[in-house]
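Chains, contacts and geometry: an overview
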Amino acid sequence: MQRRDFLKLSVGTAAAAAFASRANAQGAVKEIRIGYQKTGVLVITRQQAALEKHFAPLGIKVKWVEFSSGPPMMEAMNVGSVDLGAVGDSPPVFAQAGGAAIVYAAGQPITNGQGILVPKDSPIRTIAELKDKRIGFTKGSSAHNIVVQTLEKAGLTYADITPVHLTPPDAGPAFANGSIEAWAIWDPYFAIGETKQGGRILINARDVTRTNSFYIANREFAKNHGAILQQIVDVTTAAGKWAEQHRDEVAKSLAAITGVPLGIQTIAANRANFVGGPVTDDIVATQQGVADRFYKLGLIPQPIVIRDIVWRNPAARSCRPAFPSKRV
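All values reported here derive from a predicted model rather than from experimental measurement.

Cut-offs applied
- Here the residue index of a chain counts from 1 through its sequence in written order.
- Since the coordinates come from a predicted model, pLDDT governs what is reported: local features require at least 70, and pairs of side-chain atoms require 80 or more to be given and counted, while whole-chain, interface and lining totals use all residues.
- Hydrogens and water are ignored here; the side-chain numbers use all heavy atoms of the structure.
- Helix and strand assignments come from DSSP, with helices taken as H or I runs of at least 4 residues and strands as E runs of at least 2, each series counted from the N terminus.
- Using a 1.4 Å probe on the protein chains alone, a residue whose accessible area is under 20% of its type maximum counts as buried, one over 50% counts as exposed, and one in between counts as partly exposed.
- The contact rule is simple, with two residues in contact once any of their heavy atoms fall within 4.5 Å.
- Using a 1.4 Å probe, the Shrake-Rupley method yields the accessible areas, and only the shown protein chains count as cover for residues.
- A pair of strands is treated as paired once DSSP finds two or more bridges between them.
- A right-handed crossover is one whose linking path, passing over the helix from the first strand to the second, runs clockwise when the strands point away from the viewer.
- What counts as an axis is a line fitted to C-alpha atoms, over the stretch in contact for a helix, and the angles between N-to-C directions run from 0 to 180 degrees.
- Salt bridges, as used here, are contacts in which a Lys or Arg side-chain nitrogen is within 4 Å of a carboxyl oxygen on Asp or Glu.

Along the protein, the regular secondary structure elements total 14 helices and 10 strands. Across the 328 residues in the protein, those meeting the buried criterion constitute 55%. Long-range pairs, those at least 24 residues apart, make up 80% of the contacts in the protein between residues at least 6 apart in sequence. With an accessible surface of roughly 13,400 Å², the protein has 52% of that area assigned to carbon and sulfur atoms.

Okay, structure coming up:
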């Protein structure tokens with residue numbers, strides 16, 4: 001069965017258990033708390049129980065905490081309620097500007113699955129026609145960045161629109177009933193808006209700018225348990241590689257964990273990119289551009305340097321992964 005192939009990659013054998021034991025020597029870890037949203041590799045990892053199986057030999061449990069978007073996850077991570085989570089590009093920028101205790105643990109390009117929707121019968125046909133319109137999005141989310149850069153592409157300013165800050169669950173009904181005239185959002189809500197709430201894609205984010213998503217970790221967790229953090233990244237990287245080759249099963253996993261209908265998650269899974277890797281210089285440069293733009297617009301209170309909080313685990317260079325995979 002295909003799932004067996006995934007488990008061969010992601011689940012530790014005796015060698016994995018031995019490595020985990022050495023990793024935990026840094027300090028006793030009894031539970032790893034993972035923040036996730038309604039899509040992405042972490043959902044797949046949870047459905048397959050890959051981390052649970054990987055860390056079971058050491059007696060480490062895994063707790064999963066669902067969030068509607070990245071900003072509240074960053075708040076939870078800052079106070080130490082979550083050890084690692086997956087978010088888009090904007091949440092860690094806002095969090096770093098606010099002094100949050102976080103680090104970038106891994107990065108992943110976003111190639112599809114987010115953008116701006118308008119109602120199917122809307123007269124809005126071009127980006128320029130967003131002027132003076134009410135655009136809904138979650139403040140501090142990746143959708144916030146898409147709005148900013150989309151306006152810039154059309155020669156508009158942030159002051160040219162009326163931002164309406166809504167969580168994804170609140171924005172969907174507001175979009176459907178006409179309270180907002182456009183909705184910036186990501187999958188699976190992007191797919192829900194298209195198929196269930198009468199949406200039409202005005203712009204795909206990929207046509208506006210390069211974007212990334214990230215695994216973000218609590219700073220103290222990364223500092224004190226770097227080898228364990230590396231194992232989490234390695235297992236989820238294996239999950240991403242498996243997902244790229246098994247999208248039908250991915251959709252079923254996403255639907256089973258999140259409660260979002262299979263048809264919606266099939267759309268999301270078929271256009272998603274699942275494989276992550278190190279936070280490269282190129283990713284840092286792209287993310288720095290996001291931060292600089294937000295500061296220039298007054299959306300964050302001070303300039304920040306992304307590279308200052310990119311995690312580099314010195315132990316990782318001498319630790320062999322528990323599965324045979326090449327980092328990408």
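On to the pairing of strand β6 (residues 134-137), then. With four bridges joining them, β6 and strand β7 (residues 162-165) adopt parallel strand pairing. Opposite Ile135, over in β7, you have Pro163 as the bridge partner. For the crossover that starts at β6, traverses helix α7 (residues 142-153) and ends in the parallel β7, the hand is right-handed. When β6 meets strand β8 (residues 182-186), the two strands line up parallel, connected through two bridges. Residue pairing for β8: Gly136 is matched across the bridge by Trp183.

Turning our eyes to something else, we now look at the sheet that holds strand β1 (residues 31-36). Read from one edge of the open sheet, five strands run β2-β1-β3-β10-β4, paired in mixed fashion. Edge strands, defined here as strands with exactly one partner in the open sheet, are β2 (61-66) and β4 (102-110). Between one strand and the next, the sheet's axes are offset by a mean angle of 20 degrees, whatever the strand orientation. Where strand β3 (residues 84-87) meets strand β10 (residues 211-218), four bridges bridge the pair, whose relative direction is antiparallel. If you follow Gly85 over to β10, its bridge partner there is Ile216. Set on the sheet, helix α6 (residues 90-97) makes contact with β3, β4 and β10; between it and β4 the angle comes to about 155 degrees. Across the sheet, helix α14 (residues 281-296) touches β4 and β10, and the angle it forms with β10 is around 95 degrees.

What follows deals with the sheet that holds β6. Taken in spatial order, the five strands make up an open sheet running β7-β6-β8-β5-β9, and their pairing is mixed. Edge strands, defined here as strands with exactly one partner in the open sheet, are β7 and β9 (199-204). Taking each pair of neighbouring strands and ignoring which way they run, the sheet shows an average axis angle of 30 degrees. As paired elements, strand β5 (residues 114-119) and β9 share five bridges and run antiparallel to each other. Considered in β9, the bridge of Pro119 is made with Gly199. Of the strands in this sheet, β5, β8 and β9 are in contact with helix α8 (residues 168-176), which crosses β8 at around 145 degrees.

On inspection of all chains with the given rule, the structure shows nine salt bridges. Note that Glu152 and Arg293 form a salt bridge whose closest N and O atoms lie 3.1 Å from each other. Taken together, the residues Glu152 in helix α7 and Arg293 in helix α14 connect sequence positions 141 residues apart. The salt bridge involving Arg210 is made with Asp282; its shortest N-O contact spans 2.3 Å. Pair noted here: Arg210 is in the loop between β9 and β10 and Asp282 is in helix α14, with a separation of 72 residues, a long-range link. Taking the relative accessible area as the measure of exposure, Arg210 reaches 53% and is therefore exposed. Each of Asp187, Glu194 and Arg271 takes part in one network of salt bridges that share partners.

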